[in-house]
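Geometric and topological summary
Spelled out, the chains give:
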Amino acid sequence: MEEGSDIQKELNPLENAMRQFDEAAAALKLDRGIIEIIKNFRRATIVNLPIQMDDGTFKVFTGYRVQHSISRGPGKGGIRFHQDVTLEEVQALAAWMTWKCAVVNIPFGGAKGGIAVDPSKLSRGELERLTRRYTADLADIFGPESDVPAPDVNTNEQTMAWIMDTYSMHARHTVTSVVTGKPLVLGGSEGRREATGRGVLFTIRRATAKIGMDLKKCRAVVQGFGNVGSVSADLLQKDGARVIGVSDVRGAITSEAGLDVPALIEHVKKTGSVVGFAGSRPIDAGKLLELDCEILIPAALENQITQSNAPNIRARIIAEGANGPTTPDADVILQEKGIVVIPDILANSGGVTVSYFEWAQNRMGIYWQEDEVNQRLEGMMNRAFDDVYAVHTESKVSMRVAAFMLAIKRVVDVMHIRGVYA
Ligand code: NAD
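Positions within a chain are numbered from 1, following the residues in the order the chain's sequence is written. For a predicted model such as this one, the threshold for reporting local features is a pLDDT of at least 70, and the threshold for listing and counting side-chain atom pairs is 80 or more; totals across whole chains, interfaces and linings nevertheless cover every residue. The basis for every side-chain value is the complete set of non-hydrogen atoms in the structure, without hydrogens or water.

Moving on, we get to the nonpolar core. Residue types Ala, Val, Leu, Ile, Met, Phe, Trp, Tyr and Cys, when buried and joined through side-chain atoms within 4.5 Å, form a set referred to as a nonpolar core. Partly exposed residues are those whose accessible area sits between 20% and 50% of the maximum for their type, while under 20% is buried and over 50% is exposed, using a 1.4 Å probe and protein chains only. Counting residues in hydrophobic clusters, the biggest one holds 83 residues, and the most contacted among them are W99, I204, V246, I297 and I342. The greatest single-element share of this core, amounting to twelve residues, is contributed by helix α15 (residues 399-418). Marked domain ranges trace back to an automatic or database domain assignment. Of the domains in this structure, domain 1 (43-186) and domain 2 (195-347) are the two that each give at least three residues to this core. Residues within four places of I342 in sequence aside, it is in contact with T203, I204, A207, I317, I318, A319, E320, A347 and F385. Ranked by size, the runner-up nonpolar core spans 24 residues in total, among them F81, Y134, L138 and W162. Numbering of helices and strands runs from the N terminus; a helix is a DSSP stretch of H or I covering at least four residues, while a strand is a stretch of E covering at least two. Between two residues, a contact is recorded if the distance between any of their heavy atoms is within 4.5 Å.

Listed below in C-alpha cells is the structure:
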C-alpha cells in the first residue's frame, strides 16, 4: 500500500514540478512570501464542453486552461488533447511554461490547456466542434495580450486554425496573434513545425561540445515519434549521429546499423506507426530507454524515466524533448551516474521561442524567411544554454536546478520592479 502510494507520488507531475521549484528556490535562498506568490498558479479555469456527436448523441468533455504566471508577459502554452489530461497535469505543464519562457528569455508568462479526450476516437467534424466550443468558452481568457495557446500532444496546425477562426468570429475581425503554431497561410511562421526538434539539436550540439564528444560518433535513441521526436531524430541524423532506436505509442524498433529517418517518416505517414519499418527489429518499449547509446531523447510524455529504470540508463546525455519525462527521484540517480541531463525547460524551448517569433511577426505584419527564423532561434537557444551552463558551474548544481534558478530569478526580478498590486 505504502509502496503504491510512493509510486503514485513519484508520478504526479504537479508534485514533481513543485519539487524542482523548491530545490532551486532553496538554492536561491528566496523569501517565503516571494515563494508563495510565484510558486502557485494565477488562475485555473475548468469548462464542461457539450458536443453533438456524428450519430446525433451528446457527449460532455472536460477542458482546462491554467495561467501560471503573467509577470513577464501574456500567458503562453500549448493545448493537449489526451484521455489522461487532469487539472493537476495542466497546472504542472503551465508552471514549466513560466520557467521555460524565462530561461530562453522571451516576454511571456506561462500557461497550458487541455481537454480530457482520446482524439483518435473522434471524427474530424467532432474534433472541430470540440475545439471551437473550447475556444468559445475560453474566449475571455485567450487573447494576444493575455494568453496565447499553441499545439501540444495530439493537437496540430489544423487545431490552431480552428482556434484562430473561432476567436476571430467572436472578435468580429481576424486576430492571427491569438494563437501560434498556425498553418503558414494563416500567419504561421516558417520553421515553427520543426522548431522544438531543432532546438533540441542546438542544445545537444552545445552539450557535446562542452563535454568533448563528437556528434558524428554518437548513437541516438528517441522515444516518441511525433512532432518533437521525428524532427529531433531527423536533424540529429543530418548532423551525422546514428539513430539506433525509436518508439511511438504502438511500439519500439531498433537497428544497430542506424535507421533511415526520412524513410521512417514516410513509413509513419503511410502506416501511422514506426512499427514494422523495413530493416528494423521490434523491441520492448520499456527496454528502448535502456539501449546502449550516447544520446537519449525522451519526446513522448511525462514520467518515462523513473527510479525503476534510471539505474539501467546507459546514455551519456539525455535531452528532454518532452515536458517532465524524468521524475525528481530518477534525477538523483542520473546525476550520481554522471549523465548530463539537458532539462526540458531548456532543451524543448525552441518551440515556444519560434511561437514568440510567430506572435511578433503577426503583430508586425512582416514575415521572415526560414533561414532568418532558424538563425534567430539558434542565437537565443545558445545564449540560454550558456546562461544555464554558467549557473551550473558557478553554483555547482545540476543543469536542471541551474535552469530553474535562472528562470525563477528572472521572474522574481520582474516581480520586484512591477510590485505587487493590492
Ligand atoms: P505529438 O502528439 O506530435 O507526438 C507524441 C508522440 O509520442 C507520438 O509519436 C506518440 O505515438 C508517442 N507516444 C505517446 N505515448 C507514448 C508512449 N507511452 N511511449 C512511446 N511513445 C509514445 O506530440 P509532440 O508535440 O511531439 O509532443 C511530445 C512531447 O513534447 C510532449 O511532452 C510535449 O508537451 C512536448 N513538447 C512539445 C512541443 C511542440 O512544439 N510540439 C514543445 C515543447 C514540448
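Okay, back to it.
Where helix α2 (residues 13-28) contacts helix α3 (residues 32-39), the axes come no closer than 12 Å and their chain directions differ by 150°. When the axes of α2 and α3 are compared, the pair comes out roughly antiparallel. In terms of crossing hand, the pair formed by α2 and α3 is right-handed. Facing α2, whose interface residues are M18, F21, D22 and A25, α3 presents I35, I38 and K39. Axis geometry follows a simple rule: fit a line to the C-alpha atoms, using only the stretch in contact for helices, then measure angles between N-to-C directions, giving values from 0 to 180 degrees. Here roughly perpendicular refers to angles of 65 to 115 degrees, roughly parallel to angles under 35, roughly antiparallel to angles over 145, and oblique to all remaining angles. What makes a crossing left-handed is the near helix being turned counterclockwise from the far one by less than a right angle; a clockwise turn instead makes it right-handed.

To continue, consider the site of the ligand. In this text, near means that some heavy atom of the residue lies within 4 Å of the molecule or strand in question. Around the ligand sit 23 residues, and of these D152, T196, N227, V249 and N323 come closest. Here a polar contact is taken to be a pair of N or O atoms separated by no more than 3.5 Å, where protein atoms must pair a possible hydrogen donor with a possible acceptor and residues adjacent in sequence count only if both atoms sit in side chains. At a separation of 3.1 Å, an oxygen atom of the ligand approaches a polar backbone atom of N154. Separating an oxygen atom of the ligand from a backbone N or O atom of A300 is a distance of 3.1 Å. If the ligand stood free it would expose 830 Å²; the protein chains cover 83% of that surface. For the accessible areas, the method is Shrake-Rupley and the probe is 1.4 Å, while residue cover comes only from the protein chains on display.

Moving on, we come to the packing of aromatic side chains. The rule is short: rings of Phe, Tyr and Trp, with Trp giving its six-membered ring, pair when the centres are within 6.5 Å, and they are stacked under 30 degrees, edge-to-face over 60, tilted in between. Summed over all chains, the structure comprises eight aromatic pairs. Ring geometry for F21 and W99: centres 5.5 Å apart, planes at 35°, overall tilted. Pair noted here: F21 is in helix α2 and W99 is in helix α4 (residues 87-103), with a separation of 78 residues, a long-range link. The same class applies to F21 as to W99, namely buried. Taken together, a centroid distance of 5.9 Å and an interplanar angle of 90° make the contact between F108 and Y356 edge-to-face. Here F108 is found in the loop between α4 and β4 (110-116), whereas its partner Y356 is found in helix α13 (residues 350-364), with 248 residues between them in sequence. Put simply, the rings of F108, Y356, F357, W359 and W368 pair up and form one aromatic cluster.

What follows concerns the packing of α3 against α15. Packing of α3 against α15 leaves a shortest axis separation of 11 Å and a crossing angle of 100°. In terms of orientation, α3 lies roughly perpendicular with respect to α15. Of α15, the residues touching α3 (which contributes I34, I37 and I38) are I408, V411, V412, M415 and H416. Only Asp, Glu, Lys and Arg are considered charged, only Ala, Val, Leu, Ile, Met, Phe, Trp, Tyr, Cys and Pro nonpolar, and every remaining residue, Gly among them, polar. Classifying every residue of the contact of α3 with α15 gives seven nonpolar, one polar and no charged.

Let's shift gears to the sheet that holds strand β11 (residues 317-319). Hydrogen bonds between backbone atoms are what pair the strands of a sheet, whose relative direction is either parallel or antiparallel. Should DSSP find at least two bridges between two strands, the strands are taken to pair. Overall, mixed pairing links the seven strands, which are arranged β9-β8-β7-β6-β10-β11-β12 in an open sheet. On the outer flanks of this sheet lie β9 (281-283) and β12 (340-342), each paired with one strand and no other. Each adjacent strand pair in this sheet contributes to an overall mean axis angle of 20°, direction not counted. Of the pairings in the sheet, the one linking strand β8 (residues 251-254) to β9 comprises three bridges and is antiparallel in character. Within β9, the position partnered with T254 by the bridge is R281.

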